[in-house]
Amino acid sequence: MGTGRNRQQCYRVSLDHRRSLTSGTFELHFARPAGFEFRPGQKITLFGDTAARDYTLVGAPEDRTLSICVRHVPGGRLSPALARAEAGDRFQISAPFGFFLYQSAGRRAVFAATGTGIAPFVAFVRSGVRGFCLLHGVRTQRQLYYRDILSQSAEQYSPCIPGSGAHDGRPPDAYSGRVTGFLENCLSRGTYDFYLCGRREMVRDATRIIDRRFPDSRVFTETFF
Amino acid sequence: MKVYTGTGDQGRTSLFSGERVAKNDVRIAAYGAVDELNAAVGAMVAALPEDRAADVVNAQLVRIQSDLFHVGAWLATVPGSPAADQLAPFSEAAPQWLEDKIDAMEDHLEPLNAFILPGGHPSAAWAHVARTVCRRAERHVVGLAEEKALGFEGAQQMLVYLNRLSDYFFVAARYCNHLAGCKETLWHG
């Protein structure tokens, strides 16, 4: 299949720069190696000295650099080293792989993410996808990275913040509850293309709601952790 | 990443092209049988005798397993959907490739003029399992074609491929017994 992983092929890349998104989340931009082509929504494996992790590319295919969004997990096996990485540091990455691709031209699309599961939707938007409904489940408002670019491109953008996460303030357009609560209580019945990316529990519970409330919809999923 | 998602706990699953269907949908039955066939082929690989000629069969089976993933992917995709654009065309050359391998193995075998009982060397026994599961997969794909037109370029080749693949496993079973020195048991009625 055309977008499958070519496990034989790897690329050596050097870090171009790091961009902070929040205190615990950042983007890494790598110099783009010759011949590296990908489709929005695809992932790479980043090989570190002690671990390898999959990351979705968050840039557009025509960007000068390859970018990924990293959540710093204190005590983690790879992200602390990535948080310390400096321009010029070299890494090995896989060829792009994965099938979580936008395929809803002319259909109503609903994107639902938790945490850094927002990454493929950023890639979609940076590649020109518009007019979707986006639900982003986070614990606090500070985790709504990419809010500006996403809200400008979405027909409806609804941060989903449970009540206990409102201590740093709640944007006026936020839904008070989980992504699944929004799907259950706020999204009009109908037929959609759902794209679910994030925590396993969200993907599982959202799929059950979709089966019940939105028959004949299509569901594409990417589970992060 | 954990292998279980729980999204199928209510008896429904997603096709590669995104549609949610019941797990007893004809399309699921079809690619499920292909998946089962692939597992049987894996068992056959594991049971092959240690022999240079068997290494050739081993390489053929590994290619067949890869081809079966393509078959499964096509069966899991609604024709005309955007997801279909992500799939490589189903090879028109695959049936001919099988025929070449069948002919090469048959050159080493005695002509057959009676039914044989499935069995013999473990690799041959697994080849018979693969042969029969392949026939079941073929029946499901025919049912799918009748109920929901397969409708993709190469669909006819897929049916030819499954038909020929079953023949391949029949001959491969005989060939494995030949390599292992196992006498075939004829059916005497």
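The numbers attached to residues start from 1 for each chain and follow its sequence in the written order. Here the convention is simple: chains get letters from A, ligands get numbers from 1, in the order in which they are written. It should be noted that, the model being predicted, local features are given only for residues of pLDDT at least 70 and side-chain atom pairs only at 80 or more, the latter also being counted only at that level, while totals for whole chains, interfaces and linings use all residues.

## Overview of the overall build of chain A
Thought 1: Secondary structure summary: chain A contains five helices and 12 strands in total.
Thought 2: The globule rule used for comparison is 2.2 Å times the number of residues to the exponent 0.38, while the radius of gyration itself is calculated over C-alpha atoms. Here the C-alpha atoms of chain A give a radius of gyration of 17 Å, agreeing with the 17 Å that 2.2 N^0.38 yields for 225 residues.
Thought 3: When the backbone C-alpha atoms are referred to their principal axes, chain A occupies close to 50 × 45 × 30 Å.
Thought 4: For chain A, restricting intrachain contacts to residue pairs at least 6 apart in sequence, the fraction spanning at least 24 positions comes to 61%. The way it works is that DSSP assigns letters per residue, a run of H or I at least four long becomes a helix, a run of E at least two long becomes a strand, and they are numbered from the N terminus. Contacts here follow a simple rule: the backbone-placed C-beta atoms of the two residues must lie within 7 Å.

## Considerations on the interface of chain A and chain B
One widely used convention gives an interface's size as the accessible area the parts lose upon coming together.
Thought 1: Residue-level contacts link 19 residues of chain A with 17 residues of chain B.
Thought 2: Contributions of two or more residues to the side of chain A that touches chain B are made by helix H5 (200-213) and strand S12 (218-223) of chain A.
Thought 3: In terms of residues, the side of chain A that touches chain B owes the most to one element, H5(A), which gives six residues.
Thought 4: Along the lines of polarity and charge, the residues of the side of chain A that touches chain B split into six nonpolar, seven polar and six charged. Lys, Arg, Asp and Glu make up the charged group, whereas Ala, Val, Leu, Ile, Met, Phe, Trp, Tyr, Cys and Pro make up the nonpolar group; the residues left over, Gly among them, are polar.

## Details of the sheet that holds strand S2 (residues 25-31) of chain A
All names here are of chain A.
Thought 1: Read across the open sheet, the six strands follow the order S4-S3-S6-S1-S2-S5; overall the sheet is antiparallel. Strands at the two margins of the open sheet, each flanked by one partner only, are strand S4 (52-56) and strand S5 (65-71). Across this sheet, the average inter-strand angle for adjacent strands is 40°, counted without regard to direction. Only strands joined by at least two bridges in the DSSP assignment are considered to pair. Each axis is a line fitted through C-alpha atoms, and for a helix only the stretch in contact is used; angles between axes span 0 to 180 degrees, taken between their N-to-C directions.

## Examining the environment of B:Glu138
Residue and element names in this part refer to chain B.
Thought 1: Topologically, glutamate 138 is positioned in helix H4 (residues 122-147).
Thought 2: A residue is classified by how many C-beta atoms lie within 10 Å of it, and glutamate 138, with 21 of them, is buried.
Thought 3: Considering only alpha carbons, one finds glutamate 138 and valine 57, 81 residues apart in sequence, at a separation of 22 Å.
Thought 4: The contact partners of glutamate 138, leaving out residues within four places of it in the chain, are Leu162, Asn163 and Ser166. Field definition: a residue is buried when 20 or more other C-beta atoms are found within 10 Å of its C-beta, exposed when 12 or fewer are, and partly exposed for counts in between, with C-beta atoms placed from the backbone.

## Some words on the packing of helix H3 (residues 94-106) of chain B against helix H5 (residues 155-180) of chain B
Residue and element names in this part refer to chain B.
Thought 1: Axis separation between H3 and H5 bottoms out at 9 Å; the angle between their running directions is 15°. In terms of axis orientation, H3 runs roughly parallel to H5. Crossing geometry of H3 relative to H5 is assigned as left-handed. Across from Ala94, Pro95, Leu98, Glu99, Lys101, Ile102, Met105 and Glu106 in H3, the residues of H5 making contact are Gln157, Val160, Tyr161, Arg164, Leu165, Asp167, Tyr168, Val171, Ala172 and Tyr175. For this classification, under 35 degrees means roughly parallel, over 145 means roughly antiparallel, 65 to 115 means roughly perpendicular, and everything else is oblique. Left-handed describes a crossing in which the near helix is turned anticlockwise from the far one by less than a right angle; the clockwise case is right-handed.

## Re the sheet that holds S12(A)
Residues and elements named next belong to chain A.
Thought 1: Spatially, the six strands line up as an open sheet ordered S10-S9-S8-S7-S11-S12, and their pairing is parallel. Both outer strands of the open sheet, strand S10 (175-176) and S12, are each paired with one neighbouring strand and no more.
Thought 2: Sheet topology places strand S9 (residues 156-161) next to S10; two bridges connect them, and they run parallel. Bridge pairing in S10 links isoleucine 161 to serine 176.
Thought 3: Against the sheet, H5 makes contact with strand S7 (109-114), strand S8 (133-137), strand S11 (193-198) and S12, and its axis sits at roughly 160° relative to S11, the strand it touches most.

## Quick word on the confidence of the model for chain B
Thought 1: Known as pLDDT, the predictor's per-residue confidence is scaled from 0 to 100. Here chain B averages 93 in pLDDT, while 99% of its residues score no lower than 70.
Thought 2: Reported confidence for the predicted complex is 0.83 by ipTM and 0.89 by pTM.

## Concerning the nonpolar core
Within soluble globular proteins, side chains that are nonpolar generally end up buried alongside one another.
Thought 1: Think of a nonpolar core as buried Ala, Val, Leu, Ile, Met, Phe, Trp, Tyr and Cys residues chained together by C-beta atoms that fall within 7 Å. Ranked by internal contacts, the top residues of the largest apolar core, which has 59 residues, are A:Phe111, A:Ala112, A:Phe121 and A:Leu196.
Thought 2: With residues near it in sequence (within four places) discarded, A:Leu196 still touches A:Ala112, A:Met202, A:Val203, A:Ala206, A:Thr207, A:Val219 and A:Thr221.
Thought 3: Counting residues in each nonpolar core, the second largest holds 49 residues, with B:Val41, B:Leu68, B:Leu75 and B:Cys134 among its members.

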